[in-house]
Structures are given as C-alpha cells and as structure tokens.
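Analysis of the macromolecular model
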Amino acid sequence: MTELTLDDIADLRAYEREREAFRTHVIALKRRRRVGLGPFLTLVFENRDTIRFQIQEMARIEKLISDEAIEAELAAYNPLLPDEGHLSATLFIELTSKEELMAWLPKLVGIERAVELRLGDGPDAEHISCIPEAAHEAQLTREEITASVHYIRFALDADQARRFREGPATLVSIHPEYHHEVALGEETRASLAEDLASR
C-alpha cells in the first residue's frame, strides 16, 4: 500500500471543508474493519483512509501547520499501513476503570504476540501468528505490564491470501490469560481482502 505523503494531507481549512464527509466514510469503513475478540480486546484493521484520518485529526487537534510537524506524523503513522501481502491492525485493550487496568494489564504481557489468524477449519486449518510493528514494540513492550494499545500485522503469502478470501477466517487469542476466538464476517473479510488484492 502506497505510503502517505505531504500531498495527501489537507491543510486545516481544506480539511474542515471535507471533514464531515470523510469522517462519515471512515466510520463506515471502520465498522467493517473493527473486530471484537473476547470481552475487551478489539482489533481495527488499518488502511490508507483510516491512517490518513488519524493524521488529519491529530493535525486538527494539535493545530499542526508546518510541513515538519506533518512529516513527523507521517513518519509515526506510515509504518502502520499494510505492506503488500500483509494485514495491519491496531489492537486495543478496551478497559475503562483504573481497577480493571491495574488487574489486567500485568496479566496480558505478551498479548501483542499472542493473536493468530486461522485460515480454514479442522485439521487442515492454517495458523498465522501476528508480528508486532517493530518501532512501536520497542516503545511499548514491558516485562511487568503491557500497554493498552499495540500495532500488529499478519503476513500472508499468495496461497494464504487466496484461502483468506475464500474463508472461513478466524481471529484467535492464544494468550494464557485470554483465550478467545471470533470468526470474521463476510463483510469484514471482503474489506480486508482489498488489502491483499495484489496477492
């Protein structure tokens, strides 16, 4: 997927004119690309529009107007775009109370390496382990407590991409403290298959 550049990021006044329509588009897009895994893990599969929205909203909130400031946001967010043959996701641990966070974040150390994509069912099912995004993993990984947000990807070869498109496909958490799985719906799988179109 082509990286975003300065030319893709509208200045603040131009963005205000397009924001309502673009926000509506991204909300609908994320609805298809958001997957709940168990009671409080959520994955949002990113693409060019979701990442552009993140950058535009950050620029709007922080009043970023210089090329240098936008370049810094591009450098932070472009690594989250899926490369060819990859699916890329932001993994959220969605806990709201301080007590829940204090109880669960230490238990879930390593969650960013404990999500799999299962292609097919039964003995012929294939398991693809997630890969943490390297730069963010270096910042977020701790031995005693995990972060509430992680960035992961799944690498699929051409045959795996075909199996994904044909389905079924299931997200599975194999973390010892958090065993859950969820089948990807047809609409979600179709949207994510666009990221693998070249495979």
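As the structure is a prediction and not an experimental result, all values here were calculated from the model.

1. What to know about the overall build of the protein chain
In terms of regular secondary structure, the protein chain is built from 7 helices and 9 strands. A globule of 199 residues ought to have a C-alpha radius of gyration of about 16 Å, and the protein chain, at 18 Å, matches this closely. Taking the principal axes of its C-alpha atoms as reference, the protein chain extends roughly 55 × 40 × 25 Å. Split into buried and exposed, the 199 residues of the protein chain put 45% on the buried side. A total accessible area of about 10400 Å² is found for the protein chain, and carbon and sulfur atoms account for 49% of it. Computed over 24 positive and 38 negative side-chain charges, the inter-centroid distance for the protein chain is 4 Å.

2. Considering the environment of H136
Along the chain, H136 turns up in helix α5 (residues 134-140). Classification of H136 as buried rests on a relative accessible area of 15%. Apart from residues lying up to four places away in sequence, H136 is in contact with A76, L80 and Y151.

3. A closer look at the environment of L192
Looking at where L192 falls in the secondary structure, it is placed in helix α7 (residues 186-193). What makes L192 buried here is its relative accessible area of 0%. As a C-alpha pair, L192 and A59 span 133 residues in sequence and 27 Å in three-dimensional space.

Reading the values: rules and limits
The numbers attached to residues start from 1 for each chain and follow its sequence in the written order. Per-residue local features of the predicted model are confined to residues with pLDDT of at least 70, and side-chain atom pairs are confined, for both listing and counting, to 80 or more; whole-chain, interface and lining totals are unaffected and use all residues. Excluded from the side-chain calculation are hydrogens and water; included are all heavy atoms of the structure. Numbering of helices and strands runs from the N terminus; a helix is a DSSP stretch of H or I covering at least four residues, while a strand is a stretch of E covering at least two. As a reference, a globule follows 2.2 Å times the number of residues to the power 0.38, and the radius of gyration itself is taken over C-alpha atoms. Burial here depends on accessible area, computed with a 1.4 Å probe over protein chains only, as a share of the maximum for the residue type. Under 20% is buried, over 50% is exposed, and the range in between is partly exposed. In this description, accessible areas are obtained by the Shrake-Rupley approach with a 1.4 Å probe, and a residue is regarded as covered only by the protein chains that are shown. For the purpose of counting charges, residues Lys and Arg are taken to be positive, whereas Asp and Glu are taken to be negative. His and the chain ends are not included. Think of each charge as sitting on NZ of Lys, CZ of Arg, CG of Asp or CD of Glu. The contact definition used throughout considers only heavy atoms, calling two residues in contact when any of these lie within 4.5 Å.

As far as function goes, none of this settles anything; it's purely spatial.
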